[in-house]
Amino acid sequence: MVSTLIRMELKKLVMQKEIHIILAICTLMIGLSQKVYYSVEEVQLYRFSKSLLDFVPMVGYLFLLFPIIVAVARVLPFEYEQKMMELLATYKYGRKIFLLVKLIVLFCYCAFIVFYFFLVAGIISYFFYGLDNWMLDIESIGYMYIDLGGEWRVWEVLAFEYVYLLLSTFTFVLCLFLVAQFVRRSIFIMLIGGATFLVVELFDKYVTRFINHDYINLIIKYSFNRLVNFEFLNVFTFPQLFIGLIIGMLLLIIVNILVEGITVND
Amino acid sequence: MSKKKDEKILHILEPHAHIPINQQHKESVAATLKAFVPVSEQSTKVIFKQLFRQAVMEIWHRQKIALCTLFLLLFSFYLILPDSFDYTLLFLVTTPLPLLLIGWRILENLGEDMVELLLTYKYTFQQLLCAKIVAICSIAFIYYTFLGISLIFAMNENLLQSILQLLIMGITPILIWAVVLLIVQIQYRSNSIWGIFSMGWILFSILVIYTPLGEMLLAVHVGFYVLFNGILFFSLVKLLSKTWRLERVTVG
């Protein structure tokens, strides 16, 4: 039963033109940003591995959240915008299953987006440098953006980055989903999601130069931007972060399902 | 003999000499003829002027607060920011802001729910859209002029060539946005698409400011931008004239 619902919901998401457009824009941006780094970087060994591993923490995080914001903004208000809320009240499986299915679909979408970013970055790096050895020790690559400590191989770091990004982006999805339950129009959800990201980014880069206030620094330190660009690893250890994210996600899922958002059209 | 005959004939014809004209019949014939005669329409120029004025008034009436805030914000940016700040990239990123800010509102009252009502309008949806796009572009160009002037004052070096290059480069985003706006609004007629394009521009501006991409764009020869602007302008004019002549959107 649930698998059919998930399939239908996935189909609904994939059919949206907005998703295609934002993916095209993101692909273009990944291409541009990768191109920029190739022209700047000095010649060194194992550049494929290095560029792939450093891509998301350095530039990729700037636009990783955007396709996700668009998906959240299209998944939840879809029924409202199609004026189907009254029809939805007759939904056979109830509101909780309905929201849960949407969350599962968004989780799959997050997994796809993170994979897609690595894939595109990997393909572009491959065209420039060719492949490296996946079993390579990261000590031999030299300086990396994330400092993990200990002995790690390239594929292990990649897997770590993937899991970390999946968890952090899905936490962001859950928070935005909660907001989206009270906001009716997708364009406003996009604005709210984009603004939470952008305002912190602007404060981080420009405003803190002029105003150095403790509260502002605190907000920036614990923002989603810092979570996605791996800066949280400097504050917490990975087990702490992992457990915290899982607990946070579970709580947010429960809140999302229990909260009474907009149910029927006015 | 013939004279007598003529008189006789005249005598017979006399009661029929003045055939009374049936006014009602005359009017109905005139109305029928008029219905089939091509009606003289106002010229495109007159309609466009009228719609353009209307669009500017509407934008000003509904968006004046947004536009004034944007104006103040931009100029305070240019005045407050320290001299060390790179104005060139800021200029490139901010020129299409009026389009970005009010572009999505163009279709707010012309969405898909309105298709049937739009059929009763005097002018077609496409004509209204063309006039609105030209109006927004004009507003963007007014901003561009002011920003350009303040940029010239803000830049301390007397590098005329680089300022000229910047001014040419500043037109490119405005034209790109106008073309995208026209294509997207005709194809999709949905506000959420507009949000995505705004996000795309924000992504691009973040990349331009944070990464060396901005310097790469500045390093491209000015001739390329002149050519690109020319192509964009030509395609915009062509698209506008094509859109203007489109038939009304029919339901079903």
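Worth saying up front: this structure is predicted, and the values here are computed from it rather than measured.

Parameters at a glance
Residues numbered from 1 in each chain as written. Chains lettered and ligands numbered in written order. Predicted model: local features only at pLDDT ≥ 70, side-chain atom pairs only at ≥ 80, totals over all residues. Heavy atoms only, no water. Helix = DSSP H or I, 4+ residues; strand = E, 2+ residues; numbered from the N terminus. Buried < 20%, exposed > 50% of the residue type's maximum accessible area, 1.4 Å probe, protein only. Contact = heavy atoms within 4.5 Å. Areas by Shrake-Rupley, 256 points an atom, 1.4 Å probe, with all protein chains shown as cover. Rg over C-alpha atoms; globule rule 2.2 N^0.38 Å. Polar contact = N/O pair within 3.5 Å; in protein donor to acceptor, adjacent residues only side chain to side chain. Nonpolar A, V, L, I, M, F, W, Y, C, P; charged D, E, K, R; others polar. Axes fitted to C-alpha atoms, helices over the stretch in contact; angles between N-to-C directions. Parallel < 35°, antiparallel > 145°, perpendicular 65-115°, else oblique. Core = buried A, V, L, I, M, F, W, Y, C linked by side-chain atoms within 4.5 Å. Salt bridge = Lys/Arg side-chain N within 4 Å of Asp/Glu carboxyl O. Left-handed = near helix turned anticlockwise from the far one by under 90°. Phe/Tyr/Trp six-rings, centres within 6.5 Å; stacked < 30°, edge-to-face > 60°.

Caption draft 1: Molecular detail of the overall build of chain B. Assigned secondary structure in chain B consists of 11 helices and zero strands. Ordered by position from the N terminus, the helices and strands of chain B form the series α-α-α-α-α-α-α-α-α-α-α. The buried share among the 252 residues of chain B stands at 40%. The contacts in chain B between residues at least 6 apart in sequence include a share of 83% that link residues at least 24 apart. Total accessible area computed for chain B in this model is approximately 15500 Å², and 68% of it derives from carbon and sulfur atoms.

Caption draft 2: How the structure looks around the overall build of chain A. A count of helices and strands for chain A gives 12 helices and zero strands. Starting at the N terminus, the α and β elements of chain A follow one another as α-α-α-α-α-α-α-α-α-α-α-α. In summary, chain A has a C-alpha radius of gyration of 20 Å against a globular reference of 18 Å for 266 residues, a match within 12%. The C-alpha extent of chain A, read off along each of the three principal axes, is 60 × 45 × 35 Å. Split into buried and exposed, the 266 residues of chain A put 49% on the buried side. Of the roughly 13100 Å² that chain A leaves accessible, carbon and sulfur atoms contribute 69%.

Caption draft 3: Focus on the interface of chain A and chain B. Contacts between the two partners involve 32 residues from chain A and, on the opposite side, 27 residues from chain B. In this assembly, chain A and chain B are joined by zero residue pairs in polar contact (both at pLDDT 80 or more). Secondary structure elements with two or more residues in the side of chain A that touches chain B: α2 (17-40), α3 (47-75) and α8 (186-210) of chain A. Here the side of chain A that touches chain B takes 13 residues from α2(A), the largest share from any one element. Looking at the side of chain A that touches chain B residue by residue, the classes come out as 20 nonpolar, three polar and nine charged.

Caption draft 4: Looking closely at the packing of helix α7 (residues 125-154) of chain B against helix α11 (residues 222-244) of chain B. Residue and element names in this part refer to chain B. It is the contact of α7 with α11, at a shortest axis distance of 8 Å, that shows an interaxial angle of 150°. Relative to α11, the element α7 is oriented roughly antiparallel. Facing α7, whose interface residues are Q126, Q127, C130 and V134, α11 presents L240, T243 and W244. Grouping the amino acids of the contact of α7 with α11 by side-chain chemistry returns four nonpolar, three polar and no charged.

Caption draft 5: Representation of the nonpolar core in the model. Residues and elements named next belong to chain A. In this structure, F63 and F117 are the most contacted members of the largest nonpolar core, which totals 148 residues. Take this core: its biggest share by element is 19 residues, from α3. Beyond its immediate chain neighbours, meaning those up to four positions away, F117 contacts C26, I30, F55, G60, F63, L64 and P67.

Caption draft 6: How the structure looks around unusual backbone geometry. All names here are of chain A. One non-glycine residue, F230, lies in positive phi territory at about 70°. Assignment of secondary structure puts F230 in the loop between α10 (224-228) and α11 (232-235). With a relative accessible area of 3%, F230 lands in the buried category.

Caption draft 7: View of the pattern of salt bridges. Residue and element names in this part refer to chain A. Using the criterion set out here, one finds 10 salt bridges over all chains in the structure. For E79, the salt bridge is made with K12, and the minimal N-O distance between the two is 2.6 Å. Of this pair, E79 sits in helix α4 (residues 78-81) while K12 sits in helix α1 (residues 2-14), and the two are 67 residues apart along the sequence. By relative accessible area, E79 is classed as buried at 2%. Note that D204 is salt-bridged to R226, the shortest N-O span being 3.1 Å. Placement of the pair is D204 in helix α8 and R226 in helix α10, with a sequence separation of 22 residues. In the salt-bridge network here, residues are joined through shared partners; they are E9, K12, E79 and K102.

Caption draft 8: Highlighting the side chain of A:K102. Mapped onto the elements of the fold, A:K102 is located in helix α6 (residues 94-129). Sequence-distant contacts of A:K102, defined by excluding residues within four places in its chain, comprise A:E9, A:K12, A:V75, A:L76, A:E79 and A:F177.

Caption draft 9: Spatial organisation of the packing of helix α7 (residues 154-180) of chain A against α8(A). Residues and elements named next belong to chain A. Across the interface, α7 lies against α8 with an axial gap of 10 Å and an inter-helix angle of 140°. Between α7 and α8, the interaxial angle falls into the category oblique. Once α7 is placed against α8, the crossing between them reads as right-handed. Note on element contacts: α8 touches α7 through I189, I192, G193 and T196, opposite F172, L176, V179 and A180. Taken together, the residues that form the contact of α7 with α8 break down as six nonpolar, two polar and no charged.

Caption draft 10: Main features of the packing of aromatic side chains. All names here are of chain A. Enumeration over the complete set of coordinates arrives at 24 aromatic pairs over all chains. Each ring, one from F63 and one from F117, has its centre 5.9 Å from the other, and the planes form 40°; the classification is tilted. In this pair, F63 is assigned in helix α3 and F117 in helix α6, connecting sequence segments 54 residues apart. The class of F63 is buried, set by a relative accessible area of 0%. In textbook terms, an aromatic cluster arises when at least three aromatic residues are bridged by ring pairs, as seen for W152, F160, Y164, F230, F238 and F242.

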